Amino acid sequence: MAVEVDILTALKPIIVLIAFSALTPIIGYVEGKLKSKHASGIFATIGFLVTLALVIDMYMHLPAGGFTSSFPGFGPPLGVELRIDALSMFMIALFCGIGFLVSIYSIKYMEHDTGLDRYYTMLLLLVAGMVGVAIAGDFFTLFVFWELMSIASYSLVSFRKYRWEPIEAGFKYLVMSTLGSLIALLGIALLYGYAGTLNFSALSVIFSKPTVDPAYCYIVITLILVGFGVTASIVPFHTWLPDAHPAAPSSISAMLSGLVIKAAVYAIARSVFTIFAPSVFNYGIVLVVFAIITATVANVKALLQRDIKRLLAFSSTVNIGFIIFGLGVAAYGMHLWATTGANLALTASVIGLIGALMHILSHAIGKGLLFLAAGSFITRAKTRNIYDLEGVGRAMPWTGASFSIGLLSLAGTPPLAGFVSKFLLLMAGYSVGDLFMNIATSLMLVNSVFATAYYLRLLQVCVIRPKGDKVKAIKEASAIIVVPLVLLMIALIVIGCYPWPLVDMAQKAAFTLFQVP
Amino acid sequence: MEVLPPQAYFATSIILLVIGIYCIVSKRNMIKTVIGIEIITMAVNMVFLSLGWMRTYPAQLIDPLAQAFVIISIVIGGAIAAVALSLVTNAYRHYKTLDLKKLRRLRW
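The notes below deal with the structure included here. (Residues numbered from 1 in each chain as written. Chains lettered and ligands numbered in written order. Predicted model: local features only at pLDDT ≥ 70, side-chain atom pairs only at ≥ 80, totals over all residues.)

Focus: the overall build of chain B
Within chain B one finds 3 helices and 0 strands. Sequence-ordered secondary structure for chain B, helices as α and strands as β, is α-α-α. Projecting the C-alpha coordinates of chain B onto the three principal axes gives extents of approximately 55 × 25 × 25 Å. Across the 108 residues that make up chain B, the buried fraction comes to 31%. Summarising the internal contacts of chain B: among those between residues at least 6 apart in sequence, 55% fall at separations of at least 24. (Helix = DSSP H or I, 4+ residues; strand = E, 2+ residues; numbered from the N terminus. Buried ≥ 20, exposed ≤ 12 C-beta atoms within 10 Å, placed from the backbone. Contact = placed C-beta atoms within 7 Å.)

Brief notes about the overall build of chain A
Secondary structure summary: chain A contains 19 helices and 3 strands in total. A compact globule built from 517 residues would reach a C-alpha radius of gyration of about 24 Å, and chain A, at 22 Å, matches this within 12%. In terms of its C-alpha atoms, chain A occupies a principal-axis envelope of roughly 70 × 55 × 40 Å. Scored against the burial criterion, the 517 residues of chain A give a buried share of 63%. (Rg over C-alpha atoms; globule rule 2.2 N^0.38 Å.)

Overview of the interface of chain B and chain A
On the side of chain A, 28 residues touch chain B, which itself brings 30 residues to the contact. Listing elements by their share of the side of chain B that touches chain A, those giving two or more residues are helix H2 (30–55) and helix H3 (64–95) of chain B. The dominant element in the side of chain B that touches chain A, judged by the number of residues it contributes, is H3 of chain B, at 14 residues.

Thoughts on the pairing of strand E2 (residues 67–70) of chain A
Residue and element names in this part refer to chain A. Residues Phe-67 and Ser-69 point to one face of E2 and Thr-68 and Ser-70 to the other, with burial holding for every one of them. Sheet topology note: the strand E1 (residues 3–4)/E2 ladder contains 2 bridges and is parallel. Counterpart to Val-3 in the pairing with E2 is Phe-67. Pairing analysis gives 4 bridges linking E2 to strand E3 (residues 81–84), with the strands arranged antiparallel. Residue pairing across strands places Ser-69 opposite Leu-82, the latter belonging to E3. (Pairing = 2+ DSSP bridges.)

A closer look at the environment of Ala-8 of chain B
Structurally, Ala-8 of chain B is set in helix H1 (residues 6–26). Once the C-alpha coordinates of Ala-8 of chain B and Ser-50 of chain B are considered, the two residues, 42 residues apart in sequence, prove to be 8.5 Å apart.

Some remarks on the nonpolar core
All names here are of chain A. Counting residues in each nonpolar core, the largest one holds 235 residues, and the members touching the most others are Phe-95, Val-133 and Leu-357. Top contributing element to this core by residue count: helix H13 (residues 343–381), with 21 residues. Apart from the residues lying within four places of it in its own chain, the contact partners of Leu-357 are Phe-90, Ala-506, Ala-509 and Ala-510. (Core = buried A, V, L, I, M, F, W, Y, C linked by C-beta atoms within 7 Å.)

Looking at helix H7 (residues 200–207) of chain A
Residues and elements named next belong to chain A. Buried within H7 are the following residues: Phe-200, Leu-203 and Phe-207. The buried residues of H7 occupy one face: seen down the axis, they fall within an arc of 65 degrees. Buried positions along H7 lie against helix H6 (164–195), helix H8 (214–232) and helix H10 (250–275). (Arc of directions from axis to C-beta.)

What about the sheet that holds E2 of chain A?
Residue and element names in this part refer to chain A. In spatial order, the strands read E1-E2-E3; together these 3 strands make up an open sheet with mixed pairing. Every interior strand has two partners, whereas the edge strands, E1 and E3, have only one. Packing against the sheet, helix H1 (residues 7–34) makes contact with E2 and E3, and its axis sits at approximately 100 degrees to E2. (Axes fitted to C-alpha atoms, helices over the stretch in contact; angles between N-to-C directions.)

Things to note about the packing of H6 of chain A against H3 of chain B
Contact pair H6 of chain A / H3 of chain B: the axes reach a minimum separation of 9 Å and the direction vectors enclose 165 degrees. By the angle between their directions, the pair H6 of chain A and H3 of chain B is classed as roughly antiparallel. Once H6 of chain A is placed against H3 of chain B, the crossing between them reads as left-handed. For the pair formed by H6 of chain A and H3 of chain B, the contact residues are Trp-164, Ile-167, Glu-168, Gly-170, Phe-171, Leu-174, Thr-178, Leu-185 and Tyr-192 of chain A on the first element and Ala-66, Ser-73, Ile-80, Val-83, Ala-84, Leu-87, Asn-90, Ala-91 and His-94 of chain B on the second. Residues that form the contact of H6 of chain A with H3 of chain B fall into these classes: 12 nonpolar, 5 polar and 1 charged. (Parallel < 35°, antiparallel > 145°, perpendicular 65-115°, else oblique. Left-handed = near helix turned anticlockwise from the far one by under 90°. Nonpolar A, V, L, I, M, F, W, Y, C, P; charged D, E, K, R; others polar.)

Some points on unusual backbone geometry
Residues and elements named next belong to chain A. Cis geometry marks the peptide bond from Val-235 to Pro-236; its omega dihedral reads 10 degrees. Note on placement: Pro-236 falls in the loop between H8 and helix H9 (241–247). Residue Pro-415 is bonded to the preceding Pro-414 through a cis peptide linkage, with omega at 0 degrees. By the element assignment, Pro-415 lies in the loop between helix H15 (397–411) and helix H16 (417–432). The phi torsion at Lys-382 lies on the positive side, around 60 degrees, for a residue other than glycine. Structurally, Lys-382 is set in the loop between H13 and helix H14 (392–395). According to the C-beta neighbour criterion, Lys-382 is exposed, with 10 such atoms within 10 Å.

Set out below in structure tokens:
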């Protein structure tokens, strides 16, 4: 059973993040007086460290059913409810961990930019928004924190406003993503019009009654899927992503690609799976078909890119395809189990969700690492063209080594984290055991192999080839940039060799989503 | 005083939604795009309110949850408009035009 806690206890990580974000401009003012360049960065990093400590402490004391919390006298089903269970904790730990490492990296990476206090304010707000999305127990809270996250990421994408590219990409991202949130809001309005509440658990009770009109429910599912799917960059709503990622500073690309699109996937999973039980509604097929289209289209596009960050951006879309595929397998297997009673389908469904969560983790770490390493290459070599970066990994051995491990992990090489998650996903797909899922999983397997082609090409050009003319003179990046990269690299290797504790965590999280005690 | 039923408000908001989408799709001026986003925001807010009223219709009151949500949504819409307009200002500084067709250096 869920344990009721005080609202301040539940909001602690967000309060710390927002307090640090509000104080950062003051530090920035002092920084200006002292002619220092690193004060606001160090301050923000301390903020992330405190939050991370609080989150780990919360995880240690998490009861089996999680925490719930609401304002006294204004509780569910109408008021704000916060719900922190194993799934939320899994996501929060990921958000705060990657946020902390990106903040360390930014201290050195962003030192040549001006307006750093604004940058760190927005970075802290971005993570606060994502943590809020993860702990929301109703649509009201989810939407407010969702918009906090979105607004912070629009401003961060167009942070270098003296160049044309960030402005243009930022405007495109803003228009598309705002339209997406408004479509999701329309879905939320329809849910409210039917049920009169926005609380997830109250809605799930109302929509599990047999009297509901399935057509109405499918309209709502479509609106929510499309609305959050724009930010999750599901093809055909992905077109903002390959422009926004190269235009943003590399640290922000790592945040966007590693975390923001994962927060969108979380929002889809949490709202759709909790409210519309997959055993009753059959949306698994839609998710699987979307996943295959996403992975295939993005793979073909990624193969054609010469810009390193654009290639990595398309590869993010491919991996979103894999995560959505895991969710699709989970929903499809659950529906098959409910209609035919095949026990194997139930097992496959749980493994699919575990695989999706593990892929969220391994892709967040791996893609974060790749964007940070690519940013470090780009700062030194002053170019984003892959063929001008020939052999840059040899000139910067530590960055190059972590870049290679990141690429190999995303390609699914054992014994790295990417292998574990892709293995779980494909195993889940094949264990459902009907013709449609066998064909779909085979297509995903082909996509996975196809993706390896451009990962290995990137590895060959950037690391294995001898140094090209343009990178002859460049040296290794400074220690502050290398430390987060090496930490992420070690995380990939450790998770790959010893994934059991994390698979355990993911399993608990998957069970909370299916409401299995 | 005669009051229109909530269905009338719902129909108006759907018309507004269509107008907003038309505005975003067809207009080339960046500021008009932002206006289109705002029209859609207002349309969705009105859908929310009218659906809230439909639940209690013969009574002349709306569930406060819908009102609270819409107030927050209006505030968020304002914040988004502010960010969007600041991007428009910066785009104007770079291009000396607000024509979206001229902003095609990215491969859209």
